[in-house]
Each structure stands twice: as structure tokens, then as C-alpha cells.
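Residue-level listing of the chains:
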Amino acid sequence: QVQLVESGGGLVQDGGSLRLSCAASGSIFSISGTGWYRQAPGKQRELVAQIIRGGTTNYDDSVKGRFTISRDNAKNTVYLQMNSLKPEDTAVYYCYVQSGGSNWVGNTYWGQGTQVTVSS
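Description of the structure in this document.

The rules behind each value
- Residues numbered from 1 in each chain as written.
- Predicted model: local features only at pLDDT ≥ 70, side-chain atom pairs only at ≥ 80, totals over all residues.
- Heavy atoms only, no water.
- Pairing = 2+ DSSP bridges.
- Helix = DSSP H or I, 4+ residues; strand = E, 2+ residues; numbered from the N terminus.
- Axes fitted to C-alpha atoms, helices over the stretch in contact; angles between N-to-C directions.
- Polar contact = N/O pair within 3.5 Å; in protein donor to acceptor, adjacent residues only side chain to side chain.
- Contact = heavy atoms within 4.5 Å.
- Phe/Tyr/Trp six-rings, centres within 6.5 Å; stacked < 30°, edge-to-face > 60°.
- Buried < 20%, exposed > 50% of the residue type's maximum accessible area, 1.4 Å probe, protein only.
- Lys NZ or Arg CZ within 6 Å of the ring centre and 35° of its normal.
- Salt bridge = Lys/Arg side-chain N within 4 Å of Asp/Glu carboxyl O.

With that settled, the discussion passes to the sheet that holds strand S1 (residues 3-7). Spatially, the four strands line up as an open sheet ordered S1-S3-S8-S7, and their pairing is antiparallel. Only two strands of the sheet have a single neighbouring strand rather than two, namely S1 and strand S7 (67-72). Looking at each pair of strands side by side, their axes are set apart by 15° on average, direction ignored. Where S1 meets strand S3 (residues 18-25), five bridges bridge the pair, whose relative direction is antiparallel. The residue of S3 that forms the bridge with Glu6 is Cys22.

For the rest of this paragraph, the subject is the side chain of Arg66. Tracing the backbone through its elements, the reader meets Arg66 in the loop between strand S6 (57-59) and S7. Here the side chain of Arg66 touches Ser84 through a polar contact of 2.9 Å, landing on its backbone oxygen. A distance of 2.8 Å separates the side chain of Arg66 from the side chain of Asp89, its partner in a polar contact. Leave out the neighbours within four places in its chain, and Arg66 touches Gln81, Met82, Asn83, Ser84, Leu85, Lys86 and Asp89.

This part is about the packing of aromatic side chains. Enumeration according to the criterion identifies three aromatic pairs in this entry. A ring pair is formed by Tyr37 and Tyr96, whose centres lie 5.4 Å apart and whose planes are at 70°; its orientation type is edge-to-face. With Tyr37 in strand S4 (residues 31-39) and Tyr96 in strand S9 (residues 91-100), this pair connects stretches of sequence that are 59 residues apart. Look at Tyr37 and you get partly exposed, because its relative accessible area is 24%. Tyr96 gets classed as buried once you look at its relative accessible area, which sits at 6%. An aromatic cluster is present here, built from Tyr37, Tyr96 and Trp110 joined pairwise through their rings. For the cation-ring pair, Arg45 lies above Tyr94, with the distance from its terminal atom to the ring centre recorded as 3.8 Å. Lying across the ring of Trp110, Arg45 places its NZ or CZ 4.8 Å from the centre.

Another point: the pattern of salt bridges. For the structure on display, the rule yields four salt bridges. When the shortest N-O distance is used, the salt bridge between Arg38 and Glu46 registers 2.7 Å. Assessed through its relative accessible area of 33%, Glu46 is described here as partly exposed. Across the salt bridge formed by Arg66 and Asp89, the nearest N and O atoms sit 2.8 Å from each other. Residue Arg66 is found in the loop between S6 and S7, and its partner Asp89 is found in the loop between strand S8 (77-82) and S9; the two are separated by 23 residues along the sequence. According to the relative accessible area criterion, Arg66 is buried, its value standing at 10%. With relative accessibility at 1%, the residue Asp89 sits in the buried group.

Honestly, that's just the spatial picture; any functional story needs more than this.
Encoded structure:
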């Protein structure tokens, strides 16, 4: 059974920083991508940042230059460093791991979510 445990959320002032962590336990045969989504009240869940096969990173335009996603394979952990936070970054942040290969798609695993609140 794969479990993802997130940490690092909290309350921060406008312009502040937080680092989210997502530690994975269990066995996943092949990972095609991992990253972070967020969901603000009354809005749809949106992709914030991801690392896909080969190490390529992608970011939503709203966080480019402010957020950095990284992964420590030895610790089975993915991080999201968030700098210059804005009130509009306030949301519940969810990490995910997508299993799969070059020509197949497996299960998607989700963390429980961690609240990030940015006060103005």
C-alpha cells in the first residue's frame, strides 16, 4: 500500500516562504511523474508543479520564479519550496505520485493535503 504524507503547511505573511514535503512509503514499480496540486475554496484543483519522467519540471505560470519543486529519491520525498508567497496562493496543497511508464498509465496516489494560508 502506497501512502503519501505531507508536511510543512501553515500560516505565513505576504512575501514569506514555506517548504512543503511529501514522503512516500510503500512500493511503486515505476513512476512517471510526481508533484503538487492545490485547491482554493470554491475553485477547482489545479496543478502547481510537477517533475516528470527524465527530470523535467513544469510549473503553473502563476508560480514560476517563486516556487521550486525538487525530489530526493533516497528519501522517497518530494519538496515544494515556496517563496514570495501571495494571498492568492492560499489553498490546500496536495502531493501526488503517478505510476506508469513510457507507454502505460498506472495508479495515481494522493496525499491528504496540507493547508497553506498567506495573510495580507
